[in-house]
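Overview (structure and organization)
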Amino acid sequence: MPDSQELSQPPRPATAGALSPGEEKPAVEFRDIDIAYGKFVAVRDFSLSIAKGSFVTLLGPSGCGKTTILRSIAGLVDISDGQIMIGGRRVDDVPIYKRNIGLVFQSYALFPHKNVFDNVAFGLKYRNVPKPEIVRRVGQALEMVRLPGSEKKLPSQLSGGQQQRIALARAIVFEPQVLLLDEPLSALDANMREEMRVEIKKIQKETGITAIFVTHDQEEALSMSDRIVVMNAGAVEQIGTPQEVYDTPATAFVANFLGKANMLAGTVSRSGQAVVLATGQTINVACPRPLADGSKVTVVVRPQKLSVGAAAGANRLSGRVVSASYLGGSAIYEIDIGGQTNIRANAPISGRVLREGEAIDLGFDPEGCVLLDEDGQRIS
Ligand SMILES: Nc1ncnc2c1ncn2[C@@H]1O[C@H](COP(=O)(O)OP(=O)(O)O)[C@@H](O)[C@H]1O
Ligand SMILES: [Mg+2]
């Protein structure tokens, strides 16, 4: 992991009031930042404005620059160009310990020999908060993460999920301006991950804290975020609500990264009202503007937009079942349509589950498709 040791250390104290939150100002704003490690540019022209109290997720594959951006907010990495504002104030020259930021990472990074109380109290002690106040606030934070009364336990006596809750309590106990979470759930097993998703989201709402969450897991991003920033190779591909990025991906990368997308290659006909697929079938599309006949496009259709059998939809595609997985109530079919074998439909079952080799009819609406140009950019 590129996450360095310094990142796993708890934040140093902030001087009280060093950065008072701006009233209407974005909680965090990036203006055209570049970040380089030596000659290697890890982040390019990154701009983003994060509203106070919102939950924003940086989503992208490993190595795309997510951690680097989080590090820049915390002041753990220098930006080579651009500006970062926290609460409307430029922080380029504000040292790490004066940035009032809570951090949670994949590795829980608790002090192993300190008990839960001392781990959570760490940021408050540094800030010279009086003892009774510390006791009260640690108790409150532990209640919030649903581990009340665990003050005397050692990290080794806690499960992974519980340790991560303590790390969360430690990050929020001093009421930071911004909470940074770098893949905090990736070390947990699947059940615990889902539980923690809900918990983190709930705590974020209750406290009204501005959260920036990093993950490479699209489900996590879709289920937790107010807005998602989809990143690829150090640059932003798309910023939008979960539904926007899922339903109307701006690029081929976004379409493919956010779950399964059927990518149907073809050429434009009827000035963009229809597309003749490489498989020979013609479908109607809802193109927002006229296109030159013969130009190459890709039609993107999500598996859930394909209905199976006699269902509705202005478009019809027929093919053969390559494989079927019954999920209880619905099924996932892999389908061959005229030689393109990787078409996926995720549809409710009406009647019985079709078997491998059987003929299958698919229906979908032109409005359920997104059109990409030859460069993989959405045509709008
Ligand atoms: N300290 C470093 N020195 C040199 N290259 C680094 C350093 N940290 C990260 N990188 C590189 O920068 C890119 C982005 O890394 P990172 O921000 O950790 O990505 P992510 O968190 O999205 O996986 C990667 O190519 C990584 O190898
Ligand atoms: Mg990372």
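Bear in mind the structure is a predicted one, so any value in this text is a computation, not a measurement.

Before going further, it helps to examine the overall build of the protein. Regarding its fold elements, the protein presents nine helices and 20 strands. With respect to the principal axes defined by its C-alpha atoms, the protein has extents near 75 × 45 × 35 Å. Buried positions account for 50% of the 380 residues belonging to the protein. Considering only contacts within the protein whose residues lie at least 6 apart along the sequence, 67% involve residues at least 24 apart. Put simply, the protein shows about 17,500 Å² of open surface, and 49% of that area lies on carbon and sulfur atoms.

Let us look at empty space enclosed by the protein. Enumeration according to the criterion identifies one cavity of 30 Å³ or more in this entry. Approximately 30 Å³ is the volume attributed to the largest cavity. Taken together, D247, P249, V300, R302, K305, G368 and V370 form the lining of the largest cavity.

Moving on to the sheet that holds strand 14 (residues 296-301). In space, the five strands of this open sheet follow the order 13-12-11-14-20, with antiparallel pairing throughout. The outermost strands of the open sheet, each flanked by one partner alone, are strand 13 (282-284) and strand 20 (369-372). The mean inter-strand angle of the sheet, taken between neighbouring strand axes irrespective of direction, is 40°. Relative to strand 13, strand 12 (residues 274-277) runs antiparallel, the two being bridged by three bridges. Across the sheet, V276 pairs through a bridge with T282, a residue of strand 13.

Another point: the confidence of the model for the protein. Counting all residues, the mean pLDDT for the protein is 90, and 93% of those residues have values of 70 or more. Ignoring residues within four places in sequence, the model shows residues 1-22, a span with pLDDT below 50, making 50 contacts including any to other chains.

About the criteria used
Residues numbered from 1 in each chain as written. Chains lettered and ligands numbered in written order. Predicted model: local features only at pLDDT ≥ 70, side-chain atom pairs only at ≥ 80, totals over all residues. Heavy atoms only, no water. Helix = DSSP H or I, 4+ residues; strand = E, 2+ residues; numbered from the N terminus. Buried < 20%, exposed > 50% of the residue type's maximum accessible area, 1.4 Å probe, protein only. Contact = heavy atoms within 4.5 Å. Areas by Shrake-Rupley, 256 points an atom, 1.4 Å probe, with all protein chains shown as cover. 1 Å grid on protein atoms, 1.4 Å probe; cavity = no way out; pocket = protein on both sides within 12 Å on 5 of 7 lines; lining within 4 Å. Points joined across faces, edges and corners; volume = space filled by probe spheres on them. Pairing = 2+ DSSP bridges. Axes fitted to C-alpha atoms, helices over the stretch in contact; angles between N-to-C directions. pLDDT = per-residue confidence, 0-100.

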